[in-house]
2 protein chains.
Amino acid sequence: MGAEKLIKDFQAIVGAENVMSSESDRHAYSYDSAVLDPAVPAFVVKPVSTEQLGPVTKLCNEHGLPMTVRGAGTNLSGGTIPHPGGVVVLTNGLNKIIEINEEDLYAVVEPGVVTAQFAAQVAQRGLFYPPDPGSQTVSTLGGNVAENAGGLRGLKYGVTKDYVMGMDFYDVNGDLIKSGSRTVKCVTGYNLAGLMVASEGTLGVFSNIILKLVPPPKASKAMMAVFSDVETACETVAAIIANHIVPCTLEFLDNATIRYVEDFTKAGLPTDAGAILLIEVDGHMAEVIEDAEKVVNICKKCGAGEVKMAETAEEREALWTARRNALPALARAKPTTVLEDATVPRSQIPAMMAGLKRIAAKYKLDIGTFGHAGDGNLHPTILCDNRNKEEFHRVEEAVDEIFDVALSLKGTLSGEHGIGMAKSKWMEKETSRATLDYSLKMKKAIDPKGILNPGKIIGE
Amino acid sequence: MGAEKLIKDFQAIVGAENVMSSESDRHAYSYDSAVLDPAVPAFVVKPVSTEQLGPVTKLCNEHGLPMTVRGAGTNLSGGTIPHPGGVVVLTNGLNKIIEINEEDLYAVVEPGVVTAQFAAQVAQRGLFYPPDPGSQTVSTLGGNVAENAGGLRGLKYGVTKDYVMGMDFYDVNGDLIKSGSRTVKCVTGYNLAGLMVASEGTLGVFSNIILKLVPPPKASKAMMAVFSDVETACETVAAIIANHIVPCTLEFLDNATIRYVEDFTKAGLPTDAGAILLIEVDGHMAEVIEDAEKVVNICKKCGAGEVKMAETAEEREALWTARRNALPALARAKPTTVLEDATVPRSQIPAMMAGLKRIAAKYKLDIGTFGHAGDGNLHPTILCDNRNKEEFHRVEEAVDEIFDVALSLKGTLSGEHGIGMAKSKWMEKETSRATLDYSLKMKKAIDPKGILNPGKIIGE
């Protein structure tokens with residue numbers, strides 16, 4: 001069938017104005033936030049009701065047309081780069097918060113709702129939705145679920161997975177699958193909602209998502225601890241957890257990151273520090289005061305030069321703004337920013353940092369490292385220029401070696417950025433050939449024509 | 001191939017002493033804790049190392065022999081009733097705690113480790129494993145994961161699912177699949193570990209399980225609130241949550257249950273009360289004192305006749321012993337105990353209780369109801385005699401209607417007991433035909449010969 005006829009069929013489902021096929025539209029949706037080559041889709045479809053997702057999916061399946069569902073395109077592993085000649089399905093028209101239930105502590109949302117806007121609505125009702133991926137001001141909840149997005153609060157509050165109570169999604173035939181419930185407990189059937197989490201759009205098309213909410217902490221206290229070297233900062237992280245304190249955020253910035261952030265934001269960070277930890281504890285006021293004091297003592301005992309408590313809301317905000325600017329500040333330094341996501345059990349952070357130092361020297365690369373130290377999720381960030389083939393080859397070899405070190409420390413090659421197209425070639429190294437075969441069999445059974453975001457996670 | 005040869009092949013894997021085929025052994029493993037007819041297996045295999053699980057599974061697959069992995073057989077939905085003529089694989093020889101990591105807050109266990117023994121070991125190391133299913137003194141962690149076991153602490157601490165960080169399991173070819181990690185965050189590949197949770201042994205054979213641990217609460221306080229009627233007790237539950245207090249346990253016992261428990265245990269429960277709530281708050285001492293006071297006030301404001309705080313460890317223990325005796329006490333009353341598991345959003349508990357009252361009257365049945373009111377997970381328990389065909393027909397009709405009521409209140413037909421063989425016929429009512437088809441396709445692809453615990457969840 002010709003493209004003209006196909007476009008008409010999609011227009012019949014979503015309306016003529018919601019099928020885009022101009023050169024500029026197609027190019028606008030040919031890439032995401034990963035350092036990967038773009039792929040231009042044949043056209044772009046924007047459903048305006050979740051009911052349209054079923055017929056759209058069915059039509060794609062009938063024509064064997066690869067479809068990639070796209071939220072905000074903040075993906076860092078190429079999960080939203082479409083198949084060349086395929087269809088991009090936008091969720092930004094599906095942005096209704098269907099229900100926020102204050103009595104039963106859950107919400108029901110459409111996939112295109114923006115994370116931070118949702119969190120703000122929830123906060124207005126006196127409740128709390130903890131997952132806070134770095135891109136939360138633009139990222140969508142559907143994208144967060146598809147990638148199992150993490151964030152700064154992972155250590156204490158968990159990640160997106162821990163908040164998905166249930167979900168309705170469409171299979172390739174356009175039929176609606178229901179899994180999970182509005183109840184805290186539900187064991188009716190396979191945990192398909194759990195399987196959808198981190199499946200990167202390869203197993204179904206999300207319709208409605210049921211998310212768990214919690215009461216907000218009553219108080220919090222943030223501080224910055226300054227260290228002369230990376231090792232001491234890392235040992236301090238382990239010491240805090242070993243003392244059974246679970247901060248809501250426990251972030252690490254190395255010297256390179258501190259300098260780039262300070263240059264960018266003039267936040268007053270100590271540019272001569274080897275590393276800093278940004279720490280926030282939350283909970284009941286009495287506990288917060290006690291824990292904050294304990295953390296200060298642990299930091300000092302471990303060798304922190306200074307521990308600066310945020311005394312006002314503005315001071316607290318300044319700390320987190322500095323942290324949130326780590327990536328944009330590093331990204332300004334060189335044309336290409338390769339943001340990695342190696343994650344290790346937190347006691348292994350010192351070993352991981354030593355490995356990164358060795359790798360940077362070996363491959364003569366500029367690596368700034370920051371990240372969620374409390375949950376062992378580091379973001380070594382390689383600053384380079386991917387037009388320089390020789391340098392980029394060294395980058396690729398360095399990334400390979402970063403994964404080897406992470407795996408040797410019983411870690412994982414992706415903590416929160418997903419596998420997408422960027423990391424599928426390393427999957428077998430961490431898991432096993434049988435794991436890929438098991439996954440492929442499942443995928444093939446559920447999506448025999450391979451139309452659902454092909455090439456992601458397990459490769460082509 | 002003859003049974004003799006097959007038995008020899010299994011003996012070659014696990015040792016001659018670990019293949020049992022006597023009449024008494026086969027009958028011992030023909031049933032579990034559900035009210036369902038037994039099915040006698042051909043023989044029983046007891047691996048003594050997890051490495052033997054691969055070859056055992058492979059051998060079953062080669063011969064198309066149905067295999068049912070069995071922990072302690074405490075299953076309440078028939079999940080561990082074997083296929084007639086199939087093999088039962090016992091996990092009680094696989095009971096090693098491989099690692100308890102205090103720095104990184106996780107443990108690695110074999111599937112046959114007993115839940116309460118594991119929790120005790122963890123507690124000795126100063127940490128906490130919260131899931132506490134009713135059968136924890138005998139149930140196994142593998143069984144808990146296969147069923148996504150809940151318990152009393154679900155409201156605040158979640159269920160087994162929330163503690164599974166990763167898992168190795170064998171596919172039907174006897175190859176090892178790896179999913180998840182020892183890290184807080186991991187998005188490497190499909191969430192197969194999450195899919196294994198609640199899969200009731202139908203998608204793989206668990207080898208090692210990585211479980212999350214948390215620091216224990218510093219303090220706790222338990223109390224009993226006495227109500228003249230069920231409605232007031234239920235409204236109190238909703239009021240506690242609406243006030244943003246999340247007790248670690250919030251249990252409900254109706255008058256019938258109170259009377260049976262008191263008759264059994266002489267614990268001093270108020271036998272003339274319409275209902276009681278058993279409530280425990282935990283956390284930092286200051287928060288516990290505050291929350292306990294708030295809960296007392298809410299109970300009184302809602303209409304509780306008396307609120308009795310447990311002042312000593314013994315008084316606290318007496319309350320929870322009374323609660324844990326609810327099921328055994330009810331089970332003493334009549335020959336057959338049909339323990340249901342209907343679960344609703346907690347604000348719907350009053351409506352659910354009204355429904356249960358109506359159903360009990362309509363079908364002239366004796367129903368005692370207790371359960372985890374805080375998470376909406378009630379256990380209406382029908383006391384009957386399944387040899388009385390006419391009565392048992394009424395029981396079946398009542399159960400059907402209980403599910404209708406739960407679903408009409410946006411609840412689920414199983415909160416924590418699983419689907420097994422007991423409830424697969426109701427699956428479509430809660431989900432959809434497409435959900436079953438999706439599940440069947442997945443199952444067929446992963447287990448083409450249908451050897452992994454056939455007949456469970458999605459039926460034959």
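Cut-off values and rules
All chains use their own residue numbering, which begins from 1 and follows the written sequence. Chain labels run from A onward and ligand labels from 1 onward, assigned in the order the entries are written. Note on the predicted model: pLDDT of at least 70 is required for a residue's local features to be given, and 80 or more for side-chain atom pairs to be given and counted; whole-chain, interface and lining totals, by contrast, use all residues. Side-chain measures were taken over the full set of non-hydrogen atoms in the model, leaving aside hydrogen atoms and water. Any two strands with at least two DSSP-identified bridges between them are counted as paired. Helix and strand assignments come from DSSP, with helices taken as H or I runs of at least 4 residues and strands as E runs of at least 2, each series counted from the N terminus. Every angle, taken between N-to-C directions, lies between 0 and 180 degrees, and every axis is a line fitted to C-alpha atoms, over only the stretch in contact when it is a helix. Two residues form a contact once any of their heavy atoms are found within 4.5 Å. Two rings belonging to Phe, Tyr or Trp (six-membered ring only in the last case) form a pair when the distance between their centres is within 6.5 Å. Interplanar angles under 30 degrees mark stacking, angles over 60 mark edge-to-face geometry, and anything in between is tilted. To sort residues, take the accessible area from a 1.4 Å probe on protein chains only and compare it with the maximum for the residue type: under 20% means buried, over 50% means exposed, and anything in between is partly exposed. Throughout this description, the term charge over a ring refers to an Arg CZ or Lys NZ atom that lies within 6 Å of the ring centre and within 35 degrees of the ring normal. When the copies are superposed, the least-squares fit takes in the C-alpha atoms of residues with a pLDDT of at least 70 in both. We define buried area as the total accessible area lost by two parts upon association, computed with a 1.4 Å probe and summed across both. Salt bridges, as used here, are contacts in which a Lys or Arg side-chain nitrogen is within 4 Å of a carboxyl oxygen on Asp or Glu.

1. Some words on the sheet that holds strand E14 (residues 336-339) of chain A
Residues and elements named next belong to chain A.
- The strand order E13-E10-E12-E11-E15-E16-E14 describes an open sheet built from 7 strands, whose pairing is antiparallel. The open sheet is flanked by strand E13 (306-309) and E14, the only strands paired with a single partner. Averaged over all pairs of adjacent strands, the angle between strand axes in this sheet comes to 20°, irrespective of strand direction.
- Across 7 bridges, strand E15 (residues 366-372) lies against strand E16 (residues 377-384) in antiparallel orientation. Of the residues in E16, the one forming a bridge with Asp366 is Leu383.
- Packing of helix H8 (residues 230-242) onto the sheet brings it into contact with strand E10 (219-227), strand E11 (249-254) and strand E12 (275-283), and relative to E11 it is tilted by some 170°.
- Helix H9 (residues 255-265) contacts E11, E12, E15 and E16 of the sheet and is inclined by roughly 90° relative to E11.

2. Structural notes on the side chain of Thr57 of chain B
- Within the element layout of this structure, Thr57 of chain B appears in helix H3 (residues 53-62).
- If near-sequence neighbours (up to four positions away) are discounted, Thr57 of chain B is found in contact with Met67, Asp171, Val172, Val205, Ile451 and Leu452 of chain B.

3. Section: the packing of aromatic side chains
Residues and elements named next belong to chain A.
- Under the defined criterion, the tally for this structure stands at 12 aromatic pairs over all chains.
- Ring plane angle 65° and centroid distance 5.4 Å describe the contact between Phe10 and Phe43, whose orientation is recorded as edge-to-face. Residue Phe10 is found in helix H1 (residues 3-14), and its partner Phe43 is found in strand E2 (residues 43-45); the two are separated by 33 residues along the sequence.
- For the ring pair Tyr129 and Tyr163, a centre distance of 5.8 Å and an interplane angle of 75° mean the geometry is edge-to-face. One end of the pair, Tyr129, is in the loop between helix H4 (115-124) and helix H5 (141-147); the other, Tyr163, is in the loop between helix H6 (154-157) and strand E7 (164-170), with 34 residues separating them in the sequence. An identical accessibility class is assigned to Tyr129 and Tyr163; each is buried.
- When the ring centre of Tyr163 is taken as reference, the NZ or CZ atom of Lys212 above it lies at 5.8 Å.

4. Let's talk about the relation of the copies chain B and chain A
- You can overlay chain B on chain A at an RMSD of 0.0 Å; the transform is a turn of 180° with a shift of 0.0 Å along its axis. Seen this way, the second copy is the image of the first under a two-fold rotation axis.
- Looking at the interface residues of chain B, 100% of them are also at the interface in chain A, so both copies use one shared face.

5. Here's the deal with the interface of chain B and chain A
- At the junction of the two partners, chain B supplies 85 residues and chain A supplies 85 residues.
- Approximately 7100 Å² of surface area, both sides summed, lies buried where chain B meets chain A, with 60% of it carried by carbon and sulfur atoms.
- If you sort the residues of chain B by the area they bury against chain A, Lys185, Tyr190 and Tyr438 of chain B come out on top, with a joint share of 15%.
- Between the two partners, chain B and chain A, sit 6 salt bridges.
- Two residues, Lys185 of chain A and Asp375 of chain B, come together in a salt bridge whose shortest N-O distance is 3.2 Å.

6. A look at the pairing of strand E6 (residues 106-109) of chain A
All names here are of chain A.
- Every second residue of E6 is oriented toward a common face, with Tyr106 and Val108 on one face and Ala107 and Val109 on the other, all of them buried.
- Summarising the sheet, strand E5 (residues 97-101) and E6 pair through 4 bridges and their orientation is antiparallel. By the bridge assignment for E6, Ile97 is matched with Val109.
- Here E5 folds back onto E6 in antiparallel fashion, the turn holding 4 residues, of which Leu105 has a positive phi close to 55°.

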